[in-house]
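# Examination of the molecular architecture
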Amino acid sequence: KQEVTQIPAALSVPEGENLVLNCSFTDSAIYNLQWFRQDPGKGLTSLLLIQSSQREQTSGRLNASLDKSSGRSTLYIAASQPGDSATYLCAVPPTFGRGTSLIVHP
Amino acid sequence: SAVISQKPSRDICQRGTSLTIQCQVDSQVTMMFWYRQQPGQSLTLIATANQGSEATYESGFVIDKFPISRPNLTFSTLTVSNMSPEDSSIYLCSVAREFDTGELFFGEGSRLTVL
């Protein structure tokens, strides 16, 4: 059964820092991996989808990489802003990790 | 993308009652999933809703407690039966157009409070 782990569980950083959020999964036979953002009391917003044949995807200040053989994905956030504060969830559909709670303070 | 409508968006229920949540998608999709998100927690998959057949439940979830229907490719319901305060959660419907490469899309969720 697929298990998804996210490290760190929580992160608090000053504005402007470049961040790396980690996601690992136990079964490398995946179709795709997806990163989401969830603001408090809100639904899920899809950030990036990486197909199993891809190595990375980029959207604005976000870059997600995928290494199937090692069962890892990273979400890189460049030049973090207070508006990036949220919980970031990694999913190997339909399984989710526990998320990384990010606070970016001014 | 897929637009998903969930009803109700929130409800307050009495212990021992049952509530049915509806999920309507704006187009046909292959996969439909139901998740639970307990306060402060991540998403836990309850079941995969299968069109025209019984849902596939994850460990720890049973049909008697969470009966699911999926009469067609755009609609599904989840019932939370004989509710207790421990059932207070957000319940989310999710869909994917394709089984293998499909991106997951989510509804806004249904926030249930059981008194």
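See the structure above.
In this report, we go over the structure that sits alongside the text. (Residues numbered from 1 in each chain as written. Chains lettered and ligands numbered in written order. Predicted model: local features only at pLDDT ≥ 70, side-chain atom pairs only at ≥ 80, totals over all residues. Heavy atoms only, no water.)

Time to look at the environment of P82 of chain A. Relative to the elements of secondary structure, P82 of chain A occurs in the loop between β8 (72–77) and β9 (86–92). Other than its neighbours up to four places away in sequence, P82 of chain A contacts E15, V104 and P106 of chain A. (Helix = DSSP H or I, 4+ residues; strand = E, 2+ residues; numbered from the N terminus. Contact = heavy atoms within 4.5 Å.)

One pass over the structure, following the stated rule, counts two disulfides over all chains. Here C23 of chain A connects covalently by a disulfide to C90 of chain A, the sulfurs 2.0 Å from one another. The chirality of the disulfide connecting C23 of chain A with C90 of chain A is left-handed, given an S-S dihedral of about -65 degrees. Of this pair, C23 of chain A sits in strand β3 (residues 19–25) while C90 of chain A sits in strand β9, and the two are 67 residues apart along the sequence. Like C23 of chain A, the residue C90 of chain A is buried in the burial classification. Put simply, C23 of chain B and C93 of chain B are joined by a disulfide, and their sulfur atoms are 1.9 Å apart. When the S-S torsion is -65 degrees, as for the bridge of C23 of chain B with C93 of chain B, the disulfide is left-handed. (Disulfide = S-S within 2.5 Å. Buried < 20%, exposed > 50% of the residue type's maximum accessible area, 1.4 Å probe, protein only.)

Right, let's talk about the layout of surface pockets for a bit. Estimates place the volume of the largest pocket at around 920 Å³. As for the largest pocket, its lining consists of 38 residues, and the residues nearest its centre are Q2, P94, T95 and F96 of chain A together with L45 of chain B. Elements that contribute at least two residues to the lining of the largest pocket include exactly β1 (4–7) and β10 (95–96) of chain A together with β4 (31–37) and β5 (43–49) of chain B. Looking at the lining of the largest pocket, the element that brings in the most residues is β5 of chain B, giving four residues. Of the residues that constitute the lining of the largest pocket, the class distribution is 16 nonpolar, 14 polar and eight charged. (1 Å grid on protein atoms, 1.4 Å probe; cavity = no way out; pocket = protein on both sides within 12 Å on 5 of 7 lines; lining within 4 Å. Points joined across faces, edges and corners; volume = space filled by probe spheres on them. Nonpolar A, V, L, I, M, F, W, Y, C, P; charged D, E, K, R; others polar.)

Function cannot be inferred from these measures alone, as they are strictly geometric.
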